[in-house]
Every structure is written in structure tokens, then in C-alpha cells.
Amino acid sequence: MKEKIGILGGTFNPIHNGHIGAAAAAREQLNLDKVLLIPAGMPPHKAVPEGSPGKDERLEMVKLAASEYPFLEACDLEIRRSGKSYTIDTVSELKKKYADASFDLIVGTDMLLNLENWHRADELFRLVRVAAVRRRSSDEAVILGKAREYERKFGADIVLINCVAIEISSTEIRKEIKSGRGEKWIPGGVLR
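The model shown is predicted, which means the values in this text are computed figures rather than measured ones.

### Thoughts on the packing of aromatic side chains
Each pair of aromatic rings is reported with the distance of its centres and the angle of its planes. Across all of its chains, the model carries five aromatic pairs by this definition. Between the aromatic rings of tyrosine 98 and phenylalanine 103, the centroid separation amounts to 6.4 Å while the plane-to-plane angle is 65°, which identifies the pairing as edge-to-face. With respect to burial, tyrosine 98 and phenylalanine 103 carry one shared label: buried. Grouped by ring-pair contacts, the aromatic residues Phe125, Tyr150 and Phe154 constitute a single cluster.

Laid out in C-alpha cells, this is it:
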């Protein structure tokens, strides 16, 4: 039987319970065998704020978070790669490593709205099913319209995931941690 793998990438600065919740919701609703957490080495779409943990520290945080959940696995593909981290390159590498697996790319609905602008998006749509995690603040009509557009334009396979999303940004979480209130947002091992 084909292994079903979820891919959740990001800067993970820091990894937080919103990421874990999205991974868990996707795993449950899509019957995934596991979810790979892939920290970006050098994100193409944004700079890592000054004073942030380096890529090795972010990978270590992801490993600590993954160790608390049996369905999560830290993956260092993008950390090891030099240059910018493009999802298409990561998916291509994963397809070689897990030749018989199917892949679901887990993204927030905010990312779904811009996915067509990602590097080699047309190829990416052919290699993965996109699992967009709904957020409370999401405009359902806009999301459904964009999903249909990608299906028509690229032949994309888009599925929407229901999740009780944490409506806080990583920037806000970093502020909470600095003021001693991070335990609500961060897995225990990562916070320590």
C-alpha cells in the first residue's frame, strides 16, 4: 500500500502549536501515515528577522517538537541545501526518496491564495495534492474560488482542511516568549 506523507514547511521561527495543530488536522482528515516538518534553510519569500535562531537551531526546535508526536518527523532537506529553499526542489527530492508515496503539501489558506506565484508552481501542482488549512479569519468564497481556479488552470488537486487554528503570528509568539508567556503557544521541549 502506498505511503501517504504530508509536507509542512516553513521558517519555524519558532515552531508553535499552530503548526502542530495544522499537521494533526491534516493527518487525521487525510489519513496520512506521517507529516514531515521541513524548516526552510533560506526562505525565498521573506528574510529571517535579525537575532533569530540560525537554521540549525530552528531544525533542533523542529526535532524537539516532532519528538512529542509519533506522526511527526523532522526533515533537514532544506537546511542542508545551499541557496534559497524552493518547495518544488524539496518535493522532487522527496519523490526520489519515497518513490512509492503520495504527498500532500500542507499550507495555510493565506499561502493558497499566492501558490500560483511560487517557483515552478505548475510542476508543484502536478507532484502534490495541496491541503489548505482553513483559518477562522479566512474568506471561504475567496478560498473556494482560488481552489477552483487552480484546478482549471493547472489541473491541481486541492483539498480544504478544517482546523481550530491559532490566530497568532510567529512574530507575536516571539514577543510572548520574550515576556515570559510562551508556554501557551510552544511545545514544551521547544520552549525549554
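After presenting the structure, the write-up continues.
### Some remarks on the sheet that holds strand β5 (residues 129-133)
The strand order across the open sheet built from six strands is β3-β2-β1-β4-β5-β6, with neighbouring strands paired in parallel fashion. Of all strands in the sheet, those bounded by a partner on one side alone are β3 (72-74) and β6 (158-161). Averaged over neighbouring strand pairs, the angle between their axes works out to 30° when direction is ignored. Looking at chain direction, β5 and β6 are connected through four bridges and run parallel. Opposite alanine 131, over in β6, you have valine 159 as the bridge partner. Contacting β2 (34-39) and β3, helix α2 (residues 55-66) crosses the sheet at an angle of about 160° to β3.

### Let's talk about the pairing of strand β4 (residues 102-108)
One face of the sheet, then the other: side chains in a regular strand alternate in exactly this way. Counting buried positions over the seven residues of β4 gives six, a clear majority of the element. Relative to β4, strand β1 (residues 4-10) runs parallel, the two sharing four bridges. Counted as the bridge partner of glycine 6 is aspartate 104 from β4. As judged from the five bridges shared by β4 and β5, these two strands associate in the parallel manner. Bridged to leucine 105 within β5 is valine 130.

### Section: the environment of alanine 66
Checked against the element boundaries, alanine 66 lands in helix α2. Residues contacting alanine 66, with those up to four places away along its chain left out, are Leu37, Leu72, Glu73 and Ala74.

### Focus on the pattern of salt bridges
Pairs can form between side chains of opposite charge once their charged atoms are near each other. Per the stated rule, a full pass over the model turns up twelve salt bridges. Between glutamate 116 and lysine 153 there is a salt bridge whose closest N-O contact spans 3.1 Å. One end of the pair, glutamate 116, is in the loop between α5 (109-112) and α6 (121-127); the other, lysine 153, is in helix α7 (residues 140-154), and 37 residues separate them in sequence. Note that arginine 120 is salt-bridged to glutamate 123, the shortest N-O span being 2.8 Å. Here the salt bridges do not stand alone but share partners, grouping Glu116, Lys146, Glu149 and Lys153 into one network.

Reading the values: rules and limits
Residues numbered from 1 in each chain as written. Predicted model: local features only at pLDDT ≥ 70, side-chain atom pairs only at ≥ 80, totals over all residues. Heavy atoms only, no water. Phe/Tyr/Trp six-rings, centres within 6.5 Å; stacked < 30°, edge-to-face > 60°. Buried < 20%, exposed > 50% of the residue type's maximum accessible area, 1.4 Å probe, protein only. Pairing = 2+ DSSP bridges. Helix = DSSP H or I, 4+ residues; strand = E, 2+ residues; numbered from the N terminus. Axes fitted to C-alpha atoms, helices over the stretch in contact; angles between N-to-C directions. Contact = heavy atoms within 4.5 Å. Salt bridge = Lys/Arg side-chain N within 4 Å of Asp/Glu carboxyl O.

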